[in-house]
Amino acid sequence: MENIFEIRDLVKQFNGKTILDIDNLDIKKGLITAVIGPSGVGKSTLLLILNGLLEPDSGSILFEGKDIARNLKLGDSVRRSMAMAFQKPVMFDGTVFDNVAYSLKLRKIPDKEIKCQVYEILELVGLKNIASQKAETISGGEAQRIALARAMVYRPKVLLLDEPTANLDPANVTLIEEFIVHARKKYSTTIIIVTHNMFQAKRLSDISVFMLNGKVVESGTKELMFEQPANEKTKSFISGEMIY
Amino acid sequence: MEFFKEAFVIAIKLLFSFDRELYGIVLLSLKISTISVLISSIIGIPLGTIISLKKFKGKTMLINIINTFMGLPPVVVGLTIVAVHGISAQIQNTAVSLGASKTQLVWTLIREAKYSIGASVIVAFGRLLAEVGAVMMVGGNIRFQTRVMTTAIALHKGMGELQQALALGMILIFISFLINLLLDIFRKGKVYT
């Protein structure tokens, strides 16, 4: 299977402390990759770097064969083929419809088409009925579903999800997970989901990557990762032990 | 107290006298302040947003210089910087991650900070309407030509006509209040109930 990302010798430091130090990591096109590990091991930093929101200190990231880590000219065009939903989504001032339509307006899509696409995706996340509601008045679960709809509405090649279901109730978790599976199936989107919830990783992912202290400890199919982990640390993490 | 009462009566009389000269002065004050605030806003809002977003050497020094001149038109730049700084970094990240270009990001942030920027425009308008030193230096105080409310007040005060000056001051405050009220209603998009 084709790689969409090829990450080599990627290093990111903050105030002299190494947050990320990945020697070698490939992300397969069209699959769901779950990046798991305890809090603070650099999972979210990795997503921010892949999305171009943070610049690495060294190393390379090939996206469809082009190095995006250093080539700033590629910035906008590469970023426009990705979308990211954050752990704590923020809403723009305006209605739910305005929020979902935002990325389409950036791409100068005609109004008629925007209307069609926004209502279609709001229906998918079960929020068509609140399209005209002020975004500031919605609940946390609804905000996360809108953030997902807002990210998926322009059919990005890559969807980056940073703990999309943290602190949500089970009903919202189910809805969001169903949407993620649907997005991958219907649009063949490559999805990278950062989560500390290994059960979620097991439910959703094709490939799992286990990170610890900024490094990739182990990666492979979820069957291998969860049933026959090669590394002792991975084994401890998936059995629910505290690891450092 | 009697002095202020009389000044107040003069202010009311002047306001309803429909005196051509007085209304000319008031209209010129409003015209100049409106043009100034428009120019300041057109330049100041995008510039303030860009300064707030960009990281460059000497940024702190530049902001300090702008703040030093807060009494002049750069007030819009300075207050816009504060307004945009107040927007959560996550809004910026969200816009960029959804594909906003640099220009689109600037407009997104201006839209997100519109209430605070609206307030900064109101402040700037107030400062401009009450400006006296710069007006005197640039335009002088020529009757029917460059005489505005503040220079007329300065003139009456200089001539010892203190009640007349105070009355004009009261009219200036009243007009300023009315304009701020209108701008605030416009900013909020609703009428007070």
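The shown structure was predicted, so the numbers you read here are calculated from the model rather than taken from an experiment. (Residues numbered from 1 in each chain as written. Chains lettered and ligands numbered in written order. Predicted model: local features only at pLDDT ≥ 70, side-chain atom pairs only at ≥ 80, totals over all residues. Heavy atoms only, no water.)

A. Representation of the interface of chain A and chain B in the model. Across the boundary between the two partners, chain A contributes 22 residues, which contact 18 residues of chain B. Broken down residue by residue, the surface that chain A buries against chain B is led by A:Phe92, A:Asp93 and A:Tyr102, which jointly contribute 32%. Counting the contacts that link chain A with chain B gives one salt bridge. Between A:Asp93 and B:Lys114 there is a salt bridge, with its nearest N and O atoms 2.5 Å apart. (Contact = heavy atoms within 4.5 Å. Buried area = accessible area lost by both parts, 1.4 Å probe. Salt bridge = Lys/Arg side-chain N within 4 Å of Asp/Glu carboxyl O.)

B. Molecular detail of helix α4 (residues 111-124) of chain A. Residues and elements named next belong to chain A. Between its terminal C-alpha atoms α4 stretches 20 Å, which fits the 20 Å expected from 14 residues at 1.5 Å a residue. Taken together, the buried positions of α4 are Ile114, Gln117, Val118, Ile121 and Leu122. Down the axis of α4, the sector holding all buried residues measures 130 degrees, keeping them to one side. Exposed side of α4, more than 90 degrees from the buried face: Lys112, Cys116 and Glu123 are the residues found there. (Helix = DSSP H or I, 4+ residues; strand = E, 2+ residues; numbered from the N terminus. Expected span 1.5 Å × (residues − 1). Buried < 20%, exposed > 50% of the residue type's maximum accessible area, 1.4 Å probe, protein only. Arc of directions from axis to C-beta.)

C. Here's a closer look at the pairing of strand β2 (residues 17-28) of chain A. All names here are of chain A. Pairing of strand β1 (residues 3-14) with β2, which is carried by ten bridges, proceeds in the antiparallel orientation. Paired with Gln13 across the two strands is Thr18, which belongs to β2. Here β1 folds back onto β2, and the loop between the two strands holds two residues, one of which, Asn15, carries a positive phi near 50 degrees. (Pairing = 2+ DSSP bridges.)

D. Up close: unusual backbone geometry. Residues and elements named next belong to chain A. The phi dihedral of Asp9 falls on the positive side, at around 50 degrees, and the residue is not glycine. Mapping Asp9 onto the fold places it in strand β1. One non-glycine residue, Asn15, lies in positive phi territory at about 50 degrees. With respect to the secondary-structure elements, Asn15 resides in the loop between β1 and β2. For Asn15, a relative accessible area of 86% corresponds to the exposed category.

E. View of the confidence of the model for chain A. With 97% of its residues at a pLDDT of 70 or more, chain A shows a mean pLDDT of 89. Within chain A, helix α3 (residues 96-106) of chain A carries the highest mean pLDDT (95), whereas helix α2 (residues 75-79) of chain A carries the lowest (75). (pLDDT = per-residue confidence, 0-100.)

F. Spotlight on the pairing of strand β10 (residues 215-221) of chain A. Residues and elements named next belong to chain A. Pairing analysis gives six bridges linking strand β9 (residues 207-212) to β10, with the strands arranged antiparallel. If you follow Ser208 over to β10, its bridge partner there is Gly220. Count of turn residues in the β9/β10 antiparallel hairpin: two residues, of which Asn213 carries a positive phi of about 50 degrees.

G. The nonpolar core, seen in detail. Of all hydrophobic cores here, the largest spans 119 residues; its most connected members are A:Phe5, A:Leu46 and A:Ile61. In contact with A:Ile61, other than residues within four places in its own chain, are A:Phe5, A:Glu6, A:Ile7, A:Leu10, A:Ile49, A:Leu50, A:Lys66, A:Asp67, A:Ile68 and A:Ala69. (Core = buried A, V, L, I, M, F, W, Y, C linked by side-chain atoms within 4.5 Å.)

H. Focus on the pattern of salt bridges. All names here are of chain A. Summed over all chains, the structure comprises 13 salt bridges over all chains. A salt bridge links Lys157 to Glu64, with the nearest nitrogen and oxygen atoms 3.0 Å apart. On the criterion of sequence distance, the pair formed by Lys157 in the loop between α5 (140-152) and β7 (158-162) and Glu64 in the loop between β4 (58-63) and β5 (66-67) is long-range, its members being 93 residues apart. Here Lys157 falls in the partly exposed class, since its relative accessible area comes to 40%. Here Lys128 and Glu123 are joined by a salt bridge, their closest N and O atoms 3.7 Å apart. Residue classification places Lys128 among the partly exposed residues on the basis of a relative accessible area of 39%. Given the relative accessible area of 53%, Glu123 is considered exposed. One network of salt bridges, in which partners are shared, links Glu2, Lys29, Glu64 and Lys157.

I. Local environment of the packing of aromatic side chains. Residue and element names in this part refer to chain A. Tallied over the full model, the rule gives four aromatic pairs over all chains. Ring centres 5.2 Å apart and planes at 45 degrees place the aromatic pair Phe5 and Phe63 in the tilted group. Placement of Phe5 in strand β1 and of Phe63 in strand β4 is noted, with a sequence separation of 58 residues between them. Phe63 matches Phe5 in its accessibility class, with the two residues each being buried. (Phe/Tyr/Trp six-rings, centres within 6.5 Å; stacked < 30°, edge-to-face > 60°.)

J. The environment of A:Ile146, seen in detail. All names here are of chain A. When you line up the elements, Ile146 lands in helix α5. In this structure the C-alpha to C-alpha distance between Ile146 and Ser44, which are 102 residues apart in sequence, comes to 20 Å. With residues near it in sequence (within four places) discarded, Ile146 still touches Met91, Val96, Asn99, Val100, Leu127 and Ile138.

K. Representation of the sheet that holds β10(A). Residues and elements named next belong to chain A. With mixed pairing, the six strands of this open sheet are ordered in space as β6-β7-β8-β3-β9-β10. In this open sheet, the two strands that pair with only one neighbour each are β6 (82-85) and β10. Between one strand axis and the next, the sheet turns by 15 degrees as a mean value, whatever way the strands run. The sheet strands contacting helix α1 (residues 43-50) are β3 (32-36), β6, β7, β8 (190-195) and β9, and the helix crosses β8 at an angle near 150 degrees. Along the sheet, helix α6 (residues 170-187) makes contact with β3, β7 and β8, crossing β8 at roughly 155 degrees. (Axes fitted to C-alpha atoms, helices over the stretch in contact; angles between N-to-C directions.)

L. Structural detail: the packing of helix α5 (residues 89-97) of chain B against helix α6 (residues 102-112) of chain B. Residues and elements named next belong to chain B. Relative to each other, α5 and α6 sit at 140 degrees, their axes nearing to 10 Å. By the angle between their directions, the pair α5 and α6 is classed as oblique. When the axes of α5 and α6 are compared, the crossing they make is right-handed. For the pair α5 and α6, the contacting residues are Ile91, Gln92, Ala95 and Val96 in the first and Leu105, Thr108, Leu109 and Glu112 in the second. Partitioned by chemical class, the residues of the contact of α5 with α6 number five nonpolar, two polar and one charged. (Parallel < 35°, antiparallel > 145°, perpendicular 65-115°, else oblique. Left-handed = near helix turned anticlockwise from the far one by under 90°. Nonpolar A, V, L, I, M, F, W, Y, C, P; charged D, E, K, R; others polar.)

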